[in-house]
Amino acid sequence: MTLADAIRKGAEQLAACRGQMFVMVGSETISACALGAALWGLLGPTATRREERVALTNHFPALDATVESPCVCPSVRYEYGLRVQDGSKIRGSIGAVIIHLNDIDRWSRERIADWLDTLPEEATACPTPS
Ligand SMILES: [Zn+2]
């Protein structure tokens, strides 16, 4: 399952949230950010377990690949190692860019998935496990 397809699958099952991976009421999971949706799409309800959240980049190694964000945010906060080049182009890991698009630019998870599909295959290829 690709990262984009996992996000789409999770987004079909949970409402959107920002600023945290999952929103839970009691034991019920009601919403997920883009990364939470990916984990949920891959694993289902066990996605909310702490050990699965910690293992996010093991499930989706492409999250560590460096990309240029599709947005233009000159005043980006330097969250999660994002940095600005040439005055407006944001670069960082795919995971950090996804968090930025979800939380700051308020993109839908489906739009984020569509953007992931536009990336060159080498950008989202899984590195060889070490
Ligand atoms: Zn932005």
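Please refer to the structure placed before this passage.
Residues numbered from 1 in each chain as written. Predicted model: local features only at pLDDT ≥ 70, side-chain atom pairs only at ≥ 80, totals over all residues.

Focus: the overall build of the protein chain
Our working rule: Strands here mean DSSP runs of E at least two residues long; helices mean DSSP runs of H or I at least four residues long; both are numbered from the N terminus. The burial criterion counts other C-beta atoms lying within 10 Å of a residue's C-beta, which is placed from the backbone; the residue is buried at 20 or more, exposed at 12 or fewer, and partly exposed between these limits. For every residue pair, C-beta atoms are placed from the backbone, and the pair is scored as a contact if these atoms sit within 7 Å.
A count of helical and extended segments in the protein chain gives 7 helices and 6 strands. Tracing the protein chain from N to C terminus, the helices and strands come up as α-β-β-β-α-α-α-β-β-β-α-α-α. Across the 130 residues of the protein chain, 32% fall into the buried class. The long-range fraction of contacts in the protein chain, counting pairs at least 24 apart against all pairs at least 6 apart in sequence, stands at 51%.

Let's talk about the sheet that holds strand β4 (residues 66-72)
Here is the rule: The rule for pairing is simple: two strands pair if DSSP sees at least two bridges between them. Axis angles are defined between N-to-C directions and span 0 to 180 degrees, where every axis is a line fitted to C-alpha atoms and, for a helix, only to the segment in contact.
Read across the sheet, 3 strands follow the order β4-β6-β5 without closing on themselves; strand pairing throughout is antiparallel. Both outer strands of the open sheet, β4 and β5 (83-85), are each paired with one neighbouring strand and no more. Adjacent strand axes in the sheet meet at a mean angle of 40°, parallel and antiparallel pairs treated alike. Sheet topology note: the β4/strand β6 (residues 89-93) ladder contains 4 bridges and is antiparallel. Bridged to E68 within β6 is R91. In the packing of helix α5 (residues 94-103) onto the sheet, the strands contacted are β4 and β6, and the crossing angle to β6 comes to about 125°.

Some remarks on the environment of L63
Note on placement: L63 falls in the loop between α4 (56-59) and β4. Overall, L63 belongs to the buried group, with 20 C-beta atoms counted inside 10 Å. For the pair formed by L63 and G92, sequence separation is 29 residues and the distance between their alpha carbons is 9.9 Å. Residue contacts for L63: discarding those within four places in its chain leaves L56, T57, S93, I94 and G95.

A short note on the sheet that holds strand β1 (residues 15-16)
With mixed pairing, the 3 strands of this open sheet are ordered in space as β1-β3-β2. Where the open sheet ends on each side, the last strands, each with one partner, are β1 and β2 (22-25). The pairing of β2 with strand β3 (residues 28-32) spans 4 bridges and is antiparallel. If you follow V23 over to β3, its bridge partner there is S31.

Some words on helix α6 (residues 109-118)
Note the following rule: The arc in question is formed by the directions pointing from the helix axis toward the C-beta atoms.
When α6 is considered as a whole, its buried residues turn out to be R109, I112, A113 and L116. In an axial view of α6, the angular spread of the buried residues amounts to 100°, which keeps them on one side of the axis. Turned more than 90 degrees from where α6 packs its buried face, D117 and T118 sit exposed.

Observations concerning the nonpolar core
A general feature of soluble globular proteins is that nonpolar side chains tend to end up buried together. The criterion, for reference: In this description, a nonpolar core means buried residues of the types Ala, Val, Leu, Ile, Met, Phe, Trp, Tyr and Cys, linked to one another by C-beta atoms lying within 7 Å. The domain boundaries here were taken from an automatic or database domain assignment.
Ranked by internal contacts, the top residues of the largest apolar core, which has 32 residues, are I7, A37 and A38. For this core, the secondary structure elements donating two or more residues are α1 (3-13), α2 (34-43), α5 and α6. The dominant element in this core, judged by the number of residues it contributes, is α2, at 7 residues. Among the domains, domain 1 (3-59) and domain 2 (62-124) are the pair contributing at least three residues each to this core.

A short note on the packing of α1 against α6
The geometry of a pair of packed helices is captured by two quantities: the angle between their axes and the separation between those axes. Threshold: An angle counts as roughly parallel when it lies under 35 degrees, as roughly antiparallel when it exceeds 145, as roughly perpendicular when it falls between 65 and 115, and as oblique in every other case. Two helices crossing with the near one rotated counterclockwise from the far one by less than a right angle form a left-handed crossing, whereas a clockwise rotation gives a right-handed crossing.
Direction vectors running N to C along α1 and α6 enclose 165°, while the axes themselves pass 8 Å from each other. Here α1 is positioned roughly antiparallel relative to α6, judged by the angle of their axes. Seen from above, α1 lies across α6 with left-handed handedness. Residues L3, A4, I7, R8 and A11 of α1 touch α6, and the partners they reach there are R109, E110, I112, A113, L116 and D117.

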